[in-house]
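Structure assessment
Residues per chain are reported as follows:
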Amino acid sequence: MNTSMIIEMAGYIGSVLVVVSMLMSSVVKLRIINTTGSSISAIYALIIHSYPLALMNICLVVINIYNLSKLLKTDQHFDLIDGRTDDKFLEHFINYYKEDMKNFFPEQNIDISLADTAYIVSCKATPAGILLGKKDGDGTLNITVDYTTPVYRDCSVGKFLYSQLQEKGVKKLVYSGEAGNHETYLHNMGFKSENGKYIKYL
């Protein structure tokens with residue numbers, strides 16, 4: 001494989017990554033993949049002396065890094081709100097994000113009537129995620145839905161939420177539904193698989 005072919009392939013890879021980034025539901029993943037693709041495309045453009053294309057991609061890299069730094073700031077302020085399963089706002093939230101929720105949870109789990117406990121996480125008064133489940137008397141919360149909106153899908157909502165649940169009397173989290181696309185999140189948040197269930201002690 002000669003050098004010109006390698007350079008041409010790099011150009012295609014950069015372009016593909018930029019396109020793929022547009023398919024990401026997570027804004028963080030979108031920015032990371034777009035930055036990678038734009039960086040490769042910028043180098044490719046410089047090599048072939050296409051300076052307008054190089055300038056555009058360099059600008060995209062700078063914009064992405066700036067926005068990533070804001071998204072990944074550790075000083076995001078979250079609030080935990082005790083919800084009610086008959087709350088009209090909660091019903092509206094679930095209906096609005098229902099199609100996205102189906103990518104992570106079986107549709108029957110999204111039925112709010114299955115839960116007796118609800119928590120809402122907000123960031124600067126903007127709803128960022130919800131947790132629905134049933135409490136047992138021993139401090140166990142059986143999760144039916146643990147959902148974060150795409151903008152905040154970097155595990156920060158989950159980390160904040162779980163850090164607050166002990167104050168609500170929750171000692172153990174159990175998810176026994178189909179894991180599917182939710183499995184990666186469960187592992188990242190410290191859940192352990194035991195007898196077909198995912199368990200986390202707080």
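For clarity, every value in this text was computed on a predicted model and none was experimentally measured. (Residues numbered from 1 in each chain as written. Predicted model: local features only at pLDDT ≥ 70, side-chain atom pairs only at ≥ 80, totals over all residues. Heavy atoms only, no water.)

A short note on the environment of valine 61
Mapped onto the secondary structure, valine 61 falls in helix 3 (residues 51-71). For the pair valine 61 and serine 39, spaced 22 residues apart in the sequence, the C-alpha separation amounts to 6.4 Å. Excluding residues within four positions of it along the chain, valine 61 makes contact with Thr35, Ser38 and Ser39. (Helix = DSSP H or I, 4+ residues; strand = E, 2+ residues; numbered from the N terminus. Contact = heavy atoms within 4.5 Å.)

Re the packing of helix 1 (residues 3-21) against helix 2 (residues 27-47)
Running from amino to carboxyl end, helix 1 crosses helix 2 at an angle of 150°, the nearest separation of the two axes being 8 Å. Considering the angle they form, helix 1 stands roughly antiparallel to helix 2. Read as a crossing pair, helix 1 and helix 2 show a hand that is left-handed. Contacts between helix 1 and helix 2 pair Ile7, Glu8, Ala10, Gly11, Ile13, Gly14, Ser15, Leu17, Val18 and Ser21 from the former with Leu30, Ile33, Asn34, Thr36, Gly37, Ser38, Ile40, Ser41, Tyr44 and Ile47 from the latter. Taken together, the residues that form the contact of helix 1 with helix 2 break down as 10 nonpolar, 9 polar and 1 charged. (Axes fitted to C-alpha atoms, helices over the stretch in contact; angles between N-to-C directions. Parallel < 35°, antiparallel > 145°, perpendicular 65-115°, else oblique. Left-handed = near helix turned anticlockwise from the far one by under 90°. Nonpolar A, V, L, I, M, F, W, Y, C, P; charged D, E, K, R; others polar.)

Things to note about the pattern of salt bridges
Counted under the stated rule, the structure contains 6 salt bridges. Across the pair lysine 102 and glutamate 99 runs a salt bridge whose closest N-O atoms are separated by 3.0 Å. On the basis of relative accessibility, which here comes to 32%, the residue lysine 102 falls in the partly exposed class. Through salt bridges with shared partners, a single ionic network connects Glu99, Lys102 and Glu107. (Salt bridge = Lys/Arg side-chain N within 4 Å of Asp/Glu carboxyl O. Buried < 20%, exposed > 50% of the residue type's maximum accessible area, 1.4 Å probe, protein only.)

Overview of the side chain of threonine 140
Note that threonine 140 resides in strand 4 (residues 140-148). A distance of 2.9 Å separates the side chain of threonine 140 from the side chain of aspartate 138, its partner in a polar contact. When near neighbours in sequence (up to four residues on either side) are disregarded, threonine 140 contacts Lys134, Lys135, Lys172 and Val174. (Polar contact = N/O pair within 3.5 Å; in protein donor to acceptor, adjacent residues only side chain to side chain.)

Notes on the side chain of threonine 148
Structurally, threonine 148 can be placed in strand 4. Residue threonine 148 is classed as buried on the basis of its relative accessible area, which comes to 10%. Not counting the four nearest positions on each side in its chain, threonine 148 is found in contact with Ala128, Gly129, Arg153 and Val157.

With respect to the sheet that holds strand 7 (residues 197-201)
If you walk across this open sheet you meet the 7 strands as 1-2-3-4-5-7-6, and the pairing is mixed. Sheet topology places strand 1 (78-83) and strand 6 (192-194) at the edges, where each strand pairs with a single neighbour. The average undirected angle you get between the axes of adjacent strands in this sheet is 35°. Pairing of strand 4 with strand 5 (residues 172-175), which is carried by 4 bridges, proceeds in the parallel orientation. Looking at strand 5, one finds that leucine 141 is bridged to leucine 173. Lying on the sheet, helix 4 (residues 88-101) is in contact with strand 2 (117-123), strand 3 (126-135) and strand 4; it crosses strand 3 at an angle near 95°. On the sheet, helix 5 (residues 156-164) packs against strand 1, strand 2, strand 3, strand 4, strand 5 and strand 7 and is oriented at approximately 60° with respect to strand 1. (Pairing = 2+ DSSP bridges.)

Nothing here speaks to function; it is geometry throughout.
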